[in-house]
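# Fold and contact review
Letter by letter, the chains look like this.
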Amino acid sequence: MRMMKALVHEKAGRPNASIKMVPYPTCGDDEVIIKVMACGICKWAEISHDTVGGGGTLARYPVITGHEFAGIIEEVGKNVKDLKPGDRVTADNAIPCGYCWYCKNGKPLYCENFGSHGHNRNGGFAQYMSIIAKNVVKIPDNLSFDEATLAEPVACAVEALDRADVKPGEEVIVSGMGPHGIILAQLFHHSNAQRCVAIGLVESRLRKLESYGITTVLAERSDCSVHEAQLEKMFPNGVDIIVDTSGSWPMVQSLIKFLRKGGRFIQYGSYHSQIQIENPAKFLNDLHYNNQQYIGVSCQVNNFPRAVEYMGTGKCKVDMLVTHTFDLDDYFLALDTNKTDKSTLKVVIHPNGKPEG
Ligand SMILES: [Zn+2]
Ligand SMILES: [Zn+2]
């Protein structure tokens, strides 16, 4: 039997996970097999799989994790058109069920039985994986496999762009310059917005964004009045949209003062520590009296083609995001590095050794 190497979680938690030889996947008639050249660590998702009792609501074990993958078509099923062995591709990990209430009502994003490679179907921390062909998107030659792994986070950011529905001339603040903020700042910069300002804590990342033509503000967590004074000067009448990826409640409190009446606040990052809202009624009433919207965005379906376009045309540059790469054998070292080393943005795993392009 043909075998391959994979990271298999029998259950959530590192003691229940190992890198081992497992059977090569079978290719259904409507599926393809991808030789995985690169698979990104999605930090919070993989930490959750790595935690005993973790995994989150989507996870079903045993499973091969990894949902941000790119590679080369190895095999195609007999019904598959338009794809052939050798094609360079990424693929949408999301598989809505098609028969729940939401799917039947044209809202697959809210599917009750959301399938997701890397959570409840085998994913990309393996040498090969099978996936339904209609989810596969070819990648242009100018995108490396490492860069193409960012298609999933970019696709999620495109969802935020859709939900924000930026009107011509509106003004936007994107907060928190981790991988998601860096992607979102570029998407909003290239949207209808007349101005999109990125605010974050790490100066080198802001300088890189400045080189893309995006105005930035250095956040000052210990004394928010410093960046608030700067924003006040830039936006004396506030902004229409705030997109928060910082995961920091003090930051939200600092920025929400700049949201215009009728504005939209988009929560993109989740808040990982307990948050204390001093006066929840006042917080909600402020939204109410100011006619503001609070919008949560956390996942996507069907945005991969647009994500790959944004990346291929250079409107969403992702080369700065891949800071570290590791072999599949060093997966746990890679995850620990991602957790502890502040210089990491995206850490990418190479299940078939270092790719050439
Ligand atoms: Zn992800
Ligand atoms: Zn469904």
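Chains are numbered independently. Their residues run from 1 in the order of the written sequence. Each chain is given a letter, starting from A, and each ligand a number, starting from 1, according to the order in which they appear as written. Only residues with pLDDT of 70 or above have their local features reported here, since the model is predicted, and side-chain atom pairs are shown and tallied only from 80 upward, although totals for entire chains, interfaces and linings are computed over all residues. Only hydrogens and water are set aside; all other atoms, that is, all heavy atoms of the structure, feed into the side-chain values.

### What about the overall build of the protein?
We apply this condition: Secondary structure counts use DSSP, requiring at least four H or I residues in a row for a helix and at least two E residues in a row for a strand, with both numbered from the N terminus. As a reference, a globule follows 2.2 Å times the number of residues to the power 0.38, and the radius of gyration itself is taken over C-alpha atoms. Method for areas: the Shrake-Rupley scheme with a 1.4 Å probe, in which residue coverage is limited to the protein chains shown. Residues scored as positive are Lys and Arg, those scored as negative are Asp and Glu, and His as well as the terminal groups of each chain are ignored. Think of each charge as sitting on NZ of Lys, CZ of Arg, CG of Asp or CD of Glu.
The helix and strand inventory of the protein stands at 11 helices and 18 strands. Whereas a compact globule of 357 residues would reach a radius of gyration of roughly 21 Å, the protein reaches 21 Å, a difference of no more than 12%. Counting only C-alpha atoms, the protein reaches 65 × 40 × 40 Å along its principal axes. Carbon and sulfur atoms make up 49% of the accessible area of the protein, which totals about 16,200 Å². Of the charged side chains in the protein, 37 are positive and 40 negative, and the gap between their average positions amounts to 2 Å.

### A look at the packing of aromatic side chains
Counted only if it meets this: Paired rings are identified among Phe, Tyr and Trp, the last through its six-membered ring, by centres lying within 6.5 Å, and are further divided according to the angle between planes into stacked (under 30 degrees), edge-to-face (over 60) and tilted (the rest). Three labels apply to residues, based on accessible area from a 1.4 Å probe with only protein chains included: buried if under 20% of the type maximum, exposed if over 50%, partly exposed otherwise in between. Counted as over-ring charges are cases with an Arg CZ or a Lys NZ within 6 Å of the ring centre that also lie within 35 degrees of the ring normal.
A complete count under the given rule lists 8 aromatic pairs for this structure. Measuring from centroid to centroid gives 5.2 Å for Trp101 and Tyr102, while their planes differ by 90 degrees, and the two rings are edge-to-face. Arranged with centres 5.9 Å apart and planes meeting at 85 degrees, the rings of Trp249 and Tyr271 form a pair that is edge-to-face. Within this pair, whereas Trp249 is found in helix H8 (residues 249–256), its partner Tyr271 is found in the loop between strand S15 (259–267) and helix H9 (280–289), the two being separated by 22 residues in sequence. Residues Trp249 and Tyr271 agree in their burial class; the two are buried. Each residue in the set Trp101, Tyr102 and Tyr110 is aromatic and connected to the rest through ring pairs, giving one cluster. The ring of Tyr212 carries the charged tip of Lys317 above its face, separated from the ring centre by 5.1 Å.

### Topic: the coordination of the zinc ion (ligand 1)
Operational definition: The donor definition counts N, O and S atoms within 2.8 Å of each metal and applies 3.2 Å to Na, K and Ca; water is not among these atoms, so some sites may look incomplete. Working rule for geometry: tetrahedral if four donors all subtend angles between 85 and 135 degrees; square planar for four, octahedral for six, if opposite donors exceed 155 degrees and the others stay between 65 and 115; irregular in every other situation.
Coordination sphere of the zinc ion (ligand 1), protein contribution only: Cys42 (SG), His67 (NE2), Glu68 (OE) and Glu152 (OE), at 2.2 to 2.5 Å. Of note is the zinc ion (ligand 1), whose 4 donor atoms meet at the metal with angles of 84 to 164 degrees in an arrangement that counts as irregular. Each donor residue of the zinc ion (ligand 1) lies on one chain, and together they are spaced C-x24-H-E-x83-E. An identical accessibility class is assigned to His67 and Glu68; each is buried.

### With respect to the domain arrangement of the protein
Where we set the bar: Domain delimitation in this document rests on an assignment produced automatically or drawn from a domain database. The contact criterion used is simple: two residues touch if any of their non-hydrogen atoms lie within 4.5 Å. The buried area of a pairing is the accessible area, by a 1.4 Å probe, that goes missing from both parts when the two are put together, added over both.
Taken as a whole, the protein is organised into domain 1 (3–150 + 321–350) and domain 2 (155–296). Contacts between the two partners involve 9 residues from domain 1, matched on the other side by 9 residues from domain 2. The contact between domain 1 and domain 2 buries some 650 Å² in all, and 71% of this surface belongs to carbon and sulfur atoms. It is Trp44, Leu321 and Leu345 in domain 1 that bury the most area against domain 2; as a group they hold 57% of the surface buried on that side.

### Quick word on the coordination of the zinc ion (ligand 2)
Only Cys97 (SG), Cys100 (SG), Cys103 (SG) and Cys111 (SG) from the protein coordinate the zinc ion (ligand 2), and they sit 2.3 to 2.4 Å from it. Expressed as a motif, the donor residue spacing for the zinc ion (ligand 2) is C-x2-C-x2-C-x7-C.

### Regarding the layout of surface pockets
Spelled out, the test is: Cavities and pockets were defined on a 1 Å grid built from protein atoms only: a cavity is a group of points that admits a 1.4 Å probe but offers it no way out, a pocket is an open group of points flanked by protein on both sides within 12 Å along at least five of seven lines, and a lining residue is one with an atom within 4 Å of any such point. Grid points are joined across faces, edges and corners, and a volume is the space filled by probe spheres set on the points. Charged means Asp, Glu, Lys or Arg here, nonpolar means Ala, Val, Leu, Ile, Met, Phe, Trp, Tyr, Cys or Pro, and polar covers whatever is left, Gly included.
Looking at the second largest pocket, its volume works out to about 380 Å³. The wall of the second largest pocket is formed by 13 residues, among which Gln253, Ile256, Lys282, Phe283 and Asp286 lie closest to the centre. For the lining of the second largest pocket, the class distribution of residues is 5 nonpolar, 4 polar and 4 charged.

### With respect to helix H11 (residues 331–340)
Inspection of H11 places Tyr331, Phe332, Ala334, Leu335, Thr337 and Asn338 among the buried residues, and these make up the whole buried set. Looking at the buried residues of H11, the elements they touch are strand S1 (3–9), strand S2 (17–23), helix H1 (43–50), strand S17 (322–327) and strand S18 (346–350).

### What about the pairing of strand S16 (residues 293–296)?
To be explicit about the condition: Strand pairing is defined by DSSP finding a minimum of two bridges between the two strands. By the criterion used throughout, a crossover qualifies as right-handed when its path from the first strand across the helix to the second strand runs clockwise, the strands pointing away from the viewer.
Of the pairings in the sheet, the one linking S15 to S16 comprises 4 bridges and is parallel in character. Bridge pairing in S16 links Ile266 to Ile295. In this fold, S15 hands off to H9, which returns the chain to S16; that crossover is right-handed.

### Remarks on the side chain of Asp240
So the rule is basically this: Polar contacts, as used here, are pairs of N or O atoms within 3.5 Å; protein pairs need one atom able to donate a hydrogen and one able to accept it. Residues neighboring in sequence count only if both atoms are side-chain atoms.
Topologically, Asp240 is positioned in strand S14 (residues 239–244). Here Glu171 takes part through its backbone nitrogen, which lies 2.8 Å from a polar atom of the side chain of Asp240. Once you skip the residues sitting within four places of it in the chain, Asp240 turns out to touch Glu170, Glu171, Leu259, Arg260, Gly263 and Arg264.

### Topic: the pattern of salt bridges
This is how it is decided: Each salt bridge in this description consists of a side-chain nitrogen of Lys or Arg and a carboxyl oxygen of Asp or Glu lying within 4 Å of one another.
Under the counting rule described, the total for this entry stands at 19 salt bridges. Between Asp29 and Lys78 there is a salt bridge; the shortest N-O distance is 3.0 Å. Here Asp29, found in the loop between S2 and strand S3 (31–40), pairs with Lys78, found in the loop between strand S5 (68–76) and strand S6 (88–91); they are 49 residues apart in sequence, far enough to count as distant. Overall, Asp29 belongs to the partly exposed group, its relative accessible area being 37%. Where salt bridges share partners, they join Arg14, Asp50, Asp336 and Lys339 into one cluster.

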